[in-house]
Amino acid sequence: MQEEKTSFKKEILSYLKIIVITAIVVFGCKQFLFAPIKVQGASMFPTYHDKDIIIVSKMSKIERFDQIVFQSPTEDELYIKRVIGLPGDTVEMKDDVLYVNGKAYKEDYVNRQTDDPNQLRITENFTLEQLVNEKKVPEGMYFVLGDNRLKSYDSRHYGLISKDAIYGEAKITLYPFNQFHIGSK
């Protein structure tokens, strides 16, 4: 009987060790390597849809056109946007064409659909200097835009994003909710 109690206690302790070690590994991975994030809103449509679940890498080197998750500069929320300007870059939008360091880029990822037939441009004309009073993106900062330009709150509104505010880079869409249509809206 005493032997059974000792054996039972050892078994419980071994399960507790496994649970604690698993919790530490999961917490460590989430804190330092990757994390799941739920997309909210339509600012990155068509790349991401409202309620998509994405995996964010916290170890990635940020490059131009990466989609990053960062702490909003205006509220206590995480935002996801596309990196357009890296430190040292000049950024300009002219007649719906993006220019970075004077080079024109075709933005196939931008939502160009609009309900307004009078909408002349998807993205208004601007220079980096007009928006943030800087000729080039300063060191440690990034210029970001949403893919759904007509519905995106981004660097055109709140300015540059600090490297320290970046949570990570979106790598994988884990659960694309856009494939399932529920309701009639």
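Residues numbered from 1 in each chain as written. Predicted model: local features only at pLDDT ≥ 70, side-chain atom pairs only at ≥ 80, totals over all residues. Heavy atoms only, no water.

## Details of the overall build of the protein
Part 1 of the reasoning: Across its full length, the protein holds three helices and 11 strands.
Part 2 of the reasoning: When the elements of the protein are put in sequence order from the N terminus, they spell out α-β-β-β-β-β-β-β-β-α-β-α-β-β.
Part 3 of the reasoning: Each of the 185 residues in the protein was classed as buried or not, and the buried ones make up 34%.
Part 4 of the reasoning: Contacts spanning at least 24 positions in sequence make up 61% of the contacts within the protein whose residues lie at least 6 apart. (Helix = DSSP H or I, 4+ residues; strand = E, 2+ residues; numbered from the N terminus. Buried < 20%, exposed > 50% of the residue type's maximum accessible area, 1.4 Å probe, protein only. Contact = heavy atoms within 4.5 Å.)

## As for a nonpolar patch on the surface
Part 1 of the reasoning: A cluster of nonpolar side chains, namely Phe8, Ile12, Leu13, Tyr15, Leu16, Ile18 and Ile19, defines an oily patch on the protein surface of about 720 Å² accessible area.
Part 2 of the reasoning: Looking at the secondary structure, you find isoleucine 12 in helix α1 (residues 2-32).
Part 3 of the reasoning: Under the relative-accessibility criterion, isoleucine 12 is labelled partly exposed at 38%. (Patch = residues over 30% accessible without salt bridge, like charges linked within 9 Å, V, L, I, M, F, W, Y side chains within 5 Å. Areas by Shrake-Rupley, 256 points an atom, 1.4 Å probe, with all protein chains shown as cover. Salt bridge = Lys/Arg side-chain N within 4 Å of Asp/Glu carboxyl O.)

## Some details on the side chain of aspartate 147
Part 1 of the reasoning: Mapped onto the secondary structure, aspartate 147 falls in the loop between β9 (141-145) and α3 (155-158).
Part 2 of the reasoning: Take aspartate 147: its relative accessible area is 0%, and that puts it in the buried class.
Part 3 of the reasoning: For aspartate 147, the residues in contact, after removing those within four places along its chain, are Ser43, Met44, Phe45, Thr47, Arg82, Tyr109, Val110 and Asn111.

## Re the sheet that holds strand β7 (residues 103-105)
Part 1 of the reasoning: Across the sheet, four strands lie side by side as β7-β6-β5-β8; this open sheet has antiparallel pairing. Only two strands of the sheet have a single partner each, and these edge strands are β7 and β8 (126-127). (Pairing = 2+ DSSP bridges.)

## Overview of unusual backbone geometry
Part 1 of the reasoning: Residue proline 46 is bonded to the preceding phenylalanine 45 through a cis peptide linkage, with omega at 10°.
Part 2 of the reasoning: Relative to the helices and strands, proline 46 resides in the loop between β1 (34-38) and β2 (53-57).
Part 3 of the reasoning: A positive phi angle, close to 80°, is found at phenylalanine 65, a residue other than glycine.
Part 4 of the reasoning: Structurally, phenylalanine 65 is set in the loop between β2 and β3 (67-71).

## Topic: the pairing of strand β5 (residues 91-94)
For a regular strand, side chains alternate in direction, first toward one face of the sheet and then toward the other.
Part 1 of the reasoning: What you see with β5 is a clean split: Val91 and Met93 sit on the buried side and Glu92 and Lys94 on the side with no burial.
Part 2 of the reasoning: In terms of strand pairing, β5 meets strand β6 (residues 97-100) through four bridges, oriented antiparallel. Residue pairing for β6: methionine 93 is matched across the bridge by leucine 98.
Part 3 of the reasoning: Once β5 ends, the chain turns through two residues before running back antiparallel as β6, passing aspartate 95 with a positive phi of about 50°.
Part 4 of the reasoning: As paired elements, β5 and β8 share two bridges and run antiparallel to each other. Across the sheet, glutamate 92 pairs through a bridge with threonine 127, a residue of β8.

## Notes on the nonpolar core
Nonpolar side chains tend toward joint burial in soluble globular proteins.
Part 1 of the reasoning: Core analysis: the largest hydrophobic core is formed by 15 residues, its most contacted members being Ile84, Val91, Leu98, Leu128 and Phe143.
Part 2 of the reasoning: Among the secondary structure elements, those contributing two or more residues to this core are β5, β6, α2 (128-132) and β9.
Part 3 of the reasoning: In this structure leucine 128 touches Asp89, Val91, Asn133, Glu134, Lys135, Lys136, Val137, Phe143 and Leu160, once residues within four positions along its chain are discounted.
Part 4 of the reasoning: By size, the runner-up hydrophobic cluster in this structure holds 11 residues, among which are Ile68, Tyr142, Val144 and Tyr158. (Core = buried A, V, L, I, M, F, W, Y, C linked by side-chain atoms within 4.5 Å.)

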